[in-house]
Every structure is written in structure tokens, then in C-alpha cells.
Amino acid sequence: QVQLVESGGGSVQAGGSLRLSCGASGRTLSTYGMAWFRQAPGKERDIVATINWSGDTTYYADSVKGRFTISRDNAKNTMYLEMNSLKLEDTAVYYCAASYFSGASVVTTAGYAYWGQGTQVTVSS
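Everything quoted here is computed from the prediction, not taken from an experiment. Residue numbering note: each chain is counted from 1, following its sequence as written. Given that the model is predicted, a residue must reach a pLDDT of at least 70 before its local features are reported, and side-chain atom pairs must reach 80 or more before they are shown or counted; all residues, however, enter totals for whole chains, interfaces and linings. Only heavy atoms go into the side-chain values, all of them from the structure, while hydrogens and water stay out.

(A) Broad picture of the pattern of salt bridges. Here a salt bridge means any side-chain nitrogen of Lys or Arg lying within 4 Å of a carboxyl oxygen belonging to Asp or Glu. Applying the stated criterion across every chain, the model contains four salt bridges. The partner of R19 in a salt bridge is E82, with the nearest N and O atoms 3.7 Å apart. Highlighted residues: R19 in strand β3 (residues 18–25) and E82 in strand β8 (residues 78–83), separated in sequence by 63 residues. Burial here depends on accessible area, computed with a 1.4 Å probe over protein chains only, as a share of the maximum for the residue type. Under 20% is buried, over 50% is exposed, and the range in between is partly exposed. Judged by relative accessible area, which is 46%, R19 ranks as partly exposed. By relative accessible area, which is 29% here, E82 ends up partly exposed. With its nearest N and O atoms 3.1 Å apart, the salt bridge here joins D62 to K65. K65 sits in the exposed class, given a relative accessible area of 52%. Linked by salt bridges that have partners in common, R38, R67 and D90 make up one network. What counts as a helix is a DSSP run of H or I of at least four residues, what counts as a strand is a run of E of at least two, and both are numbered from the N terminus.

As C-alpha cells, this is what we get:
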């Protein structure tokens, strides 16, 4: 069993930056593909970015490409999401997730076995 805990969310003005972290306990994450999803009020949970087990392959949703960076440190059992140039539409609860598939190509919620509790990111004007 893997327990995931997100941190780093908060309120920021448009154009600002935040760094989310996803720490894991219970099992090493080094063989799992991982991802960040987000869910805005009244909307579905959507993919933000994925990363493969070693960190050398990533995927980004078009809406965040060039602004967000996903990374991981397997030695620390932690994944990160660096978010820059934040926009109002980035406001959402952000979730980290771990998949038994070690690659970075899984972009649907059904492909992830473990989830964090979510952290709120609010971008204001």
C-alpha cells in the first residue's frame, strides 16, 4: 500500500509561482509512473502532467505546457510540480497519483491506483 500526501498549495496572484510536493510512505515510488491531476469546482479531474519511473520522460497537458514542470526524486520518495506564470484558470484542487505502469503515457484517472488527498491552489487577479 502506498500513501501519498500533497503539500505546497495555497493562494497566489496571477503570474506568480507555486511548488507542489507529493511525498509517499509505505512503499518506494521508484517503480511507479506518477502524475498530477487537478479538479476545478463542477468539473472533471483532468491530467496536468505525468512522469515515468526514472524521471526522464514526461507529458504535459497543453494548458500547462511551458509553464509547469514535473519532476521526481526517488531517493526522497517525492514528486514535485513547479508551477510558474499561474493563471486564474489554474485554480483547482491538485492531486498526485501513482500508477503500477512505470511509464509516462497514462493520462486517465483509471490508470492510477493510489491518490493523495489533494491540495488547493487558488490563483487570484
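(B) Quick peek at the nonpolar core. Note on terminology: a nonpolar core comprises buried Ala, Val, Leu, Ile, Met, Phe, Trp, Tyr and Cys residues joined through side-chain atoms within 4.5 Å. Within the largest apolar cluster, 30 residues are counted, with the highest numbers of intra-cluster contacts made by L4, M34, W36, L81, M83 and Y94. Contributing elements (two or more residues each) for this core: β3, β4 (33–39), β5 (45–51), β7 (68–73), β8, β9 (92–99) and β11 (119–124). Formed by six residues, the second largest nonpolar core is a distinct cluster that contains F37, A97, V106 and Y112.

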